[in-house]
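So you can see what is in the structure, the chains are spelled out below.
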Amino acid sequence: MKTVIAASLMIAASLAPNVALANESQGDSSPAMETMTITYRSAIDYALYQYTIELLSRFRGEIYTSIHQQAKSSTLAMSKAFTASNPNTMTEIAAAPTAKHLSLE
């Protein structure tokens, strides 16, 4: 609860100079009234909110890890398939750069 109030106050404080500059540029001498909405939650609502945020965060992490592992395994499978289909090509490719190819001419 304290973090929600602190965060809303920090956001309001960071936006206040921008609102004042916008009003001055329009030529309006009266300052704009700023409104702030604060939502109070019961302990159960806040606990449910925190649980949902943590659950979604873990879910995003699991998805990221799963995508990384799938990409790694598919890349390894493609590499193995390429090596199996072309057993002698890899040594020829590795030996291909010579002094003639590396010159600037």
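Rules used in this analysis
- Residues numbered from 1 in each chain as written.
- Predicted model: local features only at pLDDT ≥ 70, side-chain atom pairs only at ≥ 80, totals over all residues.
- Heavy atoms only, no water.
- pLDDT = per-residue confidence, 0-100.
- Helix = DSSP H or I, 4+ residues; strand = E, 2+ residues; numbered from the N terminus.
- Phe/Tyr/Trp six-rings, centres within 6.5 Å; stacked < 30°, edge-to-face > 60°.
- Lys NZ or Arg CZ within 6 Å of the ring centre and 35° of its normal.
- Patch = residues over 30% accessible without salt bridge, like charges linked within 9 Å, V, L, I, M, F, W, Y side chains within 5 Å.
- Areas by Shrake-Rupley, 256 points an atom, 1.4 Å probe, with all protein chains shown as cover.
- Salt bridge = Lys/Arg side-chain N within 4 Å of Asp/Glu carboxyl O.

Caution applies to low-pLDDT parts of the model: their predicted coordinates are not meant to be read in detail. The share of residues in the protein chain with pLDDT of 70 or more is 56%, and the mean pLDDT across the chain is 76. The lowest-confidence element of the protein chain is helix H4 (residues 99-102), averaging 53 in pLDDT; the highest-confidence one is helix H2 (residues 43-85), averaging 93.

Here we come to the packing of aromatic side chains. This model, assessed by the stated rule, comprises 1 aromatic pair. We note arginine 41 situated over the ring of tyrosine 49; from NZ or CZ to the ring centre the distance is 4.4 Å.

What follows is about a nonpolar patch on the surface. Residues Met36, Ile38 and Tyr40 make up a contiguous nonpolar surface patch of about 330 Å² in total accessible area. Of note, isoleucine 38 is situated in the loop between helix H1 (2-25) and H2.

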